[in-house]
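Close look at the chain arrangement
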Amino acid sequence: MTVDDSPDTPPPVRSRRRPTGEPGRQDWKSWPHYDAAGSGFRGYWYPVTWSSRITGDPLPFTICGEKITLIRDNGTAYALHNRCPHRGVPLSEGNQQFPGTVSCPYHGWTFDLPTGKLAAVITDGPGCRLTGKVSVRTYPVEERLGMVWVYIPLADEEPHPIDSQLPEELVSNAFVMGGRIDPRSGNWRFACENGFDEGHAKYLHRTALWRLFKPMPTWNITRIVPKGRWIFRVQDEVYWEADFPGVGRWTNKRWWKAQPPKETFNIGNTGKPDKVNPTIEAQEFPGFASLSMPGVLRIAYPNFIHYEFYVPVDQDNHRYVGVMVNFTEGWDTLRFYAKYLGAIRWLFHGQFSGQDAWMVDITDAPPEKLYRPDISLTAWRNLSEEEYGKKLAGTGTEEKEA
């Protein structure tokens, strides 16, 4: 496991002015739930940071606009609302004075970690009448994939099992993984749409070192196929070069790159593989790119799968969680770590992913003028609208949230 992570340090908020009177989509009113989800969809588990970073010293994080503090006690991680109700001081500035608690640094208000109830007030003595009558909100916490996950509720509902939200193949198979978590500017929806966007990889990433020796198509004919809770991009036709009338010929082919295949392919995005890992092959993915709520991207390659989790912070910031998984055991795990730490971490989760971060940071939509490949974006918005509508109805918060 590699660690690239830090508590939230939001950059300055940028002003977004919307021009009017232009052609194209001026807003996202066709997807009201999605439009209202600038700070994320509530009612889901979100990965926050690597488990190794959470110790007895509390750390501050923001998820879906909720300010929380994470702290570990006796091996268990806890999440509390990051505000002492006395004078509003962040509990993340405090520490542990007693086992199973966290104390505010200002006046020693001390809160029980499992329940959030006020357990003692150091500066008011043992007989403080507020003890047990004041509390801070707590959040459900789980640890999976080497990360701490926090559930952000819609109302006061019990969280669904976290394993039901994870990619199915990660629940039932042995694997080894590496990844990085980065605080990034830009709205989480831009990051999610960028990940599933069909067109950008062919052009934006043409200069990525990860693609130095690998060909990329110029354009595709693609359709969206639902399967379970996921939607998949399925490639029906792949074109490696094209003549554009009145402009000229454009191609991603280069003499030093591998020659592209003639067949259409749907595992990996640079060509038809000779061999596919048995675990990946057993999943029977219709296409190599898939997306599910609340913003989980899966890119299936012949020998590994790349996942991205887009964690909302607020309207202008998100946390990027990118992990690469190999379904292997034993001595092969050492080979994976050597390759990941020596190259993949820098080329894939570094420069390649950095190009995406650049675009997410400067994207300013709506208004927008969509084109044919943007069926991937509208399919995702439709999925999120439908699934979140069901969630709202199931918790009785439809009218409140809509």
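Thresholds applied
Residues numbered from 1 in each chain as written. Predicted model: local features only at pLDDT ≥ 70, side-chain atom pairs only at ≥ 80, totals over all residues. Heavy atoms only, no water. UniProt positions renumbered as here; feature names shortened; annotations may be inferred. Helix = DSSP H or I, 4+ residues; strand = E, 2+ residues; numbered from the N terminus. Buried < 20%, exposed > 50% of the residue type's maximum accessible area, 1.4 Å probe, protein only. Lys, Arg positive; Asp, Glu negative; His and termini not counted. Salt bridge = Lys/Arg side-chain N within 4 Å of Asp/Glu carboxyl O. Polar contact = N/O pair within 3.5 Å; in protein donor to acceptor, adjacent residues only side chain to side chain.

Focus: the UniProt feature "domain: Rieske" (unreviewed entry) in the protein chain
UniProt feature "domain: Rieske" (unreviewed entry): in the numbering of this structure it lies at residues 45-150. Helix makes up 0% of residues 45-150 and strand makes up 43%, while its end C-alpha atoms are separated by 5 Å.

Quick look at the side chain of Asp197
The residue Asp197 is located in the loop between α3 (188-196) and α4 (200-204) in this model. Comment: no salt bridge for buried Asp197; closest opposite-charge side chain is Arg233, at 7.0 Å. Within polar-contact distance, the side chain of Asp197 engages the backbone nitrogen of His200 at 2.8 Å.

Observations concerning unusual backbone geometry
Most peptide bonds adopt trans geometry, and most residues besides glycine take a negative phi value. Residues Met293 and Pro294 are joined by a peptide bond in cis, for which omega reads 5°. In this fold, Pro294 is placed in the loop between β16 (289-292) and β17 (296-300). Here Pro366 and Pro367 are connected by a cis peptide whose omega angle stands at 5°. Position of Pro367 among the secondary structure elements: in the loop between α6 (332-362) and α7 (375-395). One non-glycine residue, Cys64, lies in the positive phi region at around 55°. In this fold, Cys64 is placed in the loop between β2 (59-63) and β3 (66-73). The phi dihedral of Leu145 falls on the positive side, at around 55°, and the residue is not glycine. Examined against the element boundaries, Leu145 turns out to sit in the loop between β9 (141-144) and β10 (147-152). Overall, Leu145 belongs to the buried group, its relative accessible area being 12%.

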